[in-house]
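A look at the structure
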Amino acid sequence: PLALGLYTVNAVYGDTIIMPCRLEVPDGLMFGKWKYEMPNGSPVFIAFRSSTKKNVQYDDVPDYKDRLSLSENYTLSIKNARISDEKRFVCMLVTEDDVSEEPTIVKVFKQPSQPEILHQADFLETEKLQMLGECVARDSYPEGNVTWYKNGRILQPMEGVVVINLQKIVNKSTGLFTMTSSLQYMPTKEDANAKFSCIVTYYGPSGQKTIQSEPVVFDVHYPTEKVTIQVLPKSSTIKEGDNITLKCSGNGNPPPQEFLFYIPGETEGIRSSDTYSMTDVRRNATGEYKCSLTDKSMMDSTTITVHYLDLQLTPSGEVTKQIGEALPVSCTISSSRNATVFWIKDNTRMQTSPSFSSLQYQDAGNYICATTLQEVEGLQKRKTLKLIVEGKPQIKMTKKTNTNKMSKTIVCHVEGFPKPAVQWTVTGSGSIINKAKETKYVNGKFSSKIVIAPEENVTLTCIAENQLERTVTSLNVSAISIPEYDEPEDRNDDNSEKVNDQAKLIVGIVVGLLLVALVAGVVYWLYVKKSKTASKHVDKDLGNIEENKKLEENNHKSET
């Protein structure tokens with residue numbers, strides 16, 4: 001490179017400067033020397049080398065003490081390049097007849113440190129011009145330039161909005177520059193999360209270069225422009241008993257810390273933080289809720305509906321009734337939305353609502369009337385009715401001879417609630433029979449059975465007793481030698497219709513046989529009458545008395 005037509009060496013600050021002597025070594029060379037020129041043009045010699053003695057001498061110049069090196073080809077090296085080394089150096093080759101000179105210009109470059117944004121503002125306020133910070137780049141040579149950027153775009157100076165001031169200070173001992181650029185800035189709300197940075201532009205041995213600072217984000221303060229109220233937790237429905245919180249927020253930065261909450265039925269706002277809590281809400285909490293800034297400048301509202309579900313069961317709890325009595329039952333609901341009602345008896349869902357015009361034992365049980373609001377999660381109600389159907393003991397006794405002809409089975413069919421206790425006795429002797437077997441107690445009914453083989457006729461007594469009454473019934477039982485089939489054991493309800501059908505069939509057969517016998521008797525009577533008439537005609541024709549008697553005897557036998 002050439003500077004003003006002269007040969008130039010570009011060096012990096014702190015590196016070694018190498019300056020070749022660009023003269024051809026002439027014949028008869030005596031020695032070579034290097035000098036530099038002072039600003040006033042006077043020379044300062046710094047190095048000497050003899051061509052004959054091959055010795056090197058360095059002049060006593062403080063700035064270059066222990067920094068110089070002159071090679072055999074008269075190339076001069078200067079260690080640890082300084083800014084003060086920017087001079088015009090001259091190589092001199094001397095013969096007896098001539099002195100040749102060739103100048104070299106030295107340029108030194110120093111890259112600045114990475115720029116930093118110092119003295120940063122704690123926060124920025126909209127509509128206010130304030131100092132954002134200072135961009136500092138140190139130890140540059142030659143001096144550099146500083147440019148500010150926002151989100152990667154250059155910030156151009158604008159009066160009252162962007163004010164930039166650049167200062168350059170040189171270190172007198174080193175000759176290096178420090179550039180400081182301050183930025184005053186008026187932010188807007190959109191500058192929240194904006195990235196500010198600065199770039200220093202400098203020159204190096206190979207040309208122009210840049211270094212960028214780390215970006216900085218500032219907290220931008222701006223006033224609230226809108227207030228919003230919301231209900232927490234965020235649920236589509238609210239039911240009685242829930243806990244809810246009203247949260248009020250403003251879109252300013254920093255957000256407001258206090259608000260006024262307006263509750264239905266209250267004329268004045270309630271001053272609170274950004275939340276207002278309500279526990280165990282009731283249906284009367286339904287209404288419009290509002291919140292505003294403390295100066296009432298902005299307001300927002302929301303409507304809360306507290307869903308409810310009431311259920312009334314009449315009667316409820318434990319109810320005791322007598323068999324055959326009527327029991328009206330009603331289950332009514334009141335709710336904020338349409339609700340469905342269903343009945344459960346003894347853990348089984350019923351198809352219809354219970355109705356009792358004449359209570360039976362099988363009507364007893366645990367009834368549940370339940371209701372739910374499908375759209376409101378967790379809103380359901382239920383009430384219970386424990387129905388007890390009581391009845392005095394009722395007894396029916398049956399007997400039959402078993403198929404083995406060796407014993408008879410006597411059954412005491414008992415109805416009643418609470419379950420009656422059954423006792424068997426033999427009438428007359430008063431002895432108690434303890435070998436009875438009982439069936440399962442279902443729907444207020446069960447049977448007590450004994451098997452006996454009486455040698456003579458006996459009367460058995462079945463005694464059934466509960467808290468309501470004591471019932472006694474007796475049954476005559478023939479000796480084992482006399483079969484008894486007229487009173488079979490009581491069958492269950494499922495077979496009752498079949499038994500009735502069989503009885504009807506038997507009665508029909510008997511009636512049919514009696515009709516057939518009657519017809520046969522009439523036919524026989526007509527036949528006998530005709531036979532007597534014929535025998536009279538025979539007597540007259542024959543006139544034989546003896547034969548007539550014989551015929552009469554035969555006819556008498558026939559009649560018999």
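Above this text sits the structure in question.
Summarised in this report is the structure supplied together with it. (Residues numbered from 1 in each chain as written. Predicted model: local features only at pLDDT ≥ 70, side-chain atom pairs only at ≥ 80, totals over all residues. Heavy atoms only, no water.)

1. Comments concerning the overall build of the protein
Along its length, the protein carries 2 helices and 44 strands. Residue burial in the protein is summarised as follows: out of 560 residues, 36% are buried. Partitioning the contacts of the protein with sequence separation of at least 6, the portion at a separation of at least 24 is 59%. Accessible area of the protein: about 34,000 Å², with a carbon and sulfur share of 50%. (Helix = DSSP H or I, 4+ residues; strand = E, 2+ residues; numbered from the N terminus. Buried < 20%, exposed > 50% of the residue type's maximum accessible area, 1.4 Å probe, protein only. Contact = heavy atoms within 4.5 Å. Areas by Shrake-Rupley, 256 points an atom, 1.4 Å probe, with all protein chains shown as cover.)

2. What about the pattern of salt bridges?
Scanning all chains against the criterion turns up 24 salt bridges. In this structure, Lys189 engages Glu225 in a salt bridge whose closest nitrogen and oxygen atoms are separated by 3.5 Å. Of this pair, Lys189 sits in the loop between β17 (177–185) and β18 (195–204) while Glu225 is found in the loop between β21 (220–221) and β22 (227–232), placing the two residues 36 residues apart along the sequence. Lys189 sits in the partly exposed class, given a relative accessible area of 29%. A salt bridge links Glu318 to Lys386, with the nearest nitrogen and oxygen atoms 3.9 Å apart. With a gap of 68 residues between them, Glu318 in strand β32 (residues 317–322) and Lys386 in strand β37 (residues 380–401) connect regions that are remote in the sequence. For Lys386, a relative accessible area of 38% puts it in the partly exposed group. What you see here is one network of salt bridges that share partners, running through Glu240, Arg283 and Asp310. (Salt bridge = Lys/Arg side-chain N within 4 Å of Asp/Glu carboxyl O.)

3. Thoughts on unusual backbone geometry
Following Asn253, the chain continues to Pro254 via a peptide bond in cis, the omega torsion being -5°. By the element assignment, Pro254 lies in the loop between β24 (244–250) and β25 (259–262). Following Thr314, the chain continues to Pro315 via a peptide bond in cis, the omega torsion being -10°. Looking at the secondary structure, you find Pro315 in the loop between β31 (309–314) and β32. A positive phi angle, near 55°, is found at Asp139, a position not held by glycine. Turning to its location among the elements, Asp139 is positioned in strand β13 (residues 130–140).

4. Some words on the side chain of Lys35
Relative to the helices and strands, Lys35 resides in strand β4 (residues 29–37). Given a relative accessible area of 9%, Lys35 falls into the buried group. Looking at Lys35, its side chain comes within polar contact range of the side chain of Glu101, at 3.4 Å. Excluding residues that lie within four positions of it along the chain, Lys35 makes contacts with Pro43, Val44, Phe45, Ile46, Arg88, Phe89, Val90, Met92 and Glu101. (Polar contact = N/O pair within 3.5 Å; in protein donor to acceptor, adjacent residues only side chain to side chain.)

5. As for the pairing of β24
Along a regular strand, successive side chains alternate from one face of the sheet to the other. Taking every second residue as pointing to the same face, the buried face of β24 carries Ile244, Leu246, Cys248 and Gly250, while none of Thr245, Lys247 and Ser249 on the other face is buried. The pairing of β22 with β24 spans 6 bridges and is antiparallel. In the strand pairing of β24, Leu232 is matched with Thr245. When β24 meets strand β27 (residues 275–278), the two strands line up antiparallel, connected through 4 bridges. (Pairing = 2+ DSSP bridges.)

6. Overview of the nonpolar core
In terms of nonpolar packing, the biggest core is built from 51 residues, with Met19, Trp34, Ile46, Leu76 and Phe89 touching the most fellow members. Among the domains, domain 1 (8–109) and domain 2 (116–221) are the pair contributing at least three residues each to this core. Counting residues in each nonpolar core, the second largest holds 18 residues, with Leu246, Met278, Tyr289 and Ile304 among its members. (Core = buried A, V, L, I, M, F, W, Y, C linked by side-chain atoms within 4.5 Å. Domains from an automatic or database assignment.)

7. Looking at the sheet that holds β22
Strand order in the open sheet formed by 3 strands is β22-β24-β27, with antiparallel pairing between adjacent strands. Both outer strands of the open sheet, β22 and β27, are each paired with one neighbouring strand and no more. For this sheet, the mean inter-axis angle between neighbouring strands, taken without regard to orientation, is 15°. (Axes fitted to C-alpha atoms, helices over the stretch in contact; angles between N-to-C directions.)

8. Details of the sheet that holds strand β16 (residues 162–170)
Spatial ordering of the open sheet is given by β11-β13-β17-β16, a layout of 4 strands whose pairing is antiparallel. Each of the sheet's edge strands pairs with one partner strand only, and the pair in question is β11 (116–118) and β16. The sheet shows a mean angle of 25° between the axes of neighbouring strands, taken without regard to direction. Taken together, the 3 bridges between β11 and β13 define a ladder with antiparallel strand orientation. When the bridges of β13 are listed, Ile117 appears paired with Cys135.

9. What to know about the state of the cysteines
Inspection of every chain in the model, using the stated rule, returns 5 disulfides. The side chain of Cys21 participates in a disulfide bridge whose partner is Cys91; the two sulfur atoms lie 1.9 Å from each other. Residues Cys21 and Cys91 are joined by a disulfide whose S-S torsion is about -90°; by sign, that bridge is left-handed. Residue Cys21 is found in the loop between β3 (17–19) and β4, and its partner Cys91 is found in strand β9 (residues 88–95); the two are separated by 70 residues along the sequence. Taking relative accessible area as the criterion, Cys21 reaches 12% and is therefore assigned buried. Through a disulfide, Cys412 is tied to Cys462; the S-S separation comes to 1.9 Å. Between Cys412 and Cys462 the sulfur-sulfur dihedral comes to about -85°; the bridge is accordingly left-handed. Of the two residues, Cys412 is situated in strand β38 (residues 408–417) and Cys462 in strand β43 (residues 458–465); the sequence distance between them amounts to 50 residues. Taken individually, Cys412 and Cys462 each receive the classification buried, so the pair is uniform in this respect. Within the protein, bonded cysteines paired by disulfides and numbered along the sequence follow the pattern 1-2, 3-4, 5-6, 7-8, 9-10. (Disulfide = S-S within 2.5 Å.)

10. Here's the deal with the side chain of Ser478
Secondary-structure assignment places Ser478 in the loop between β44 (470–477) and α1 (493–542). In contact with Ser478, other than residues within four places in its own chain, are Lys408, Pro454, Glu456, Asn457 and Glu484.

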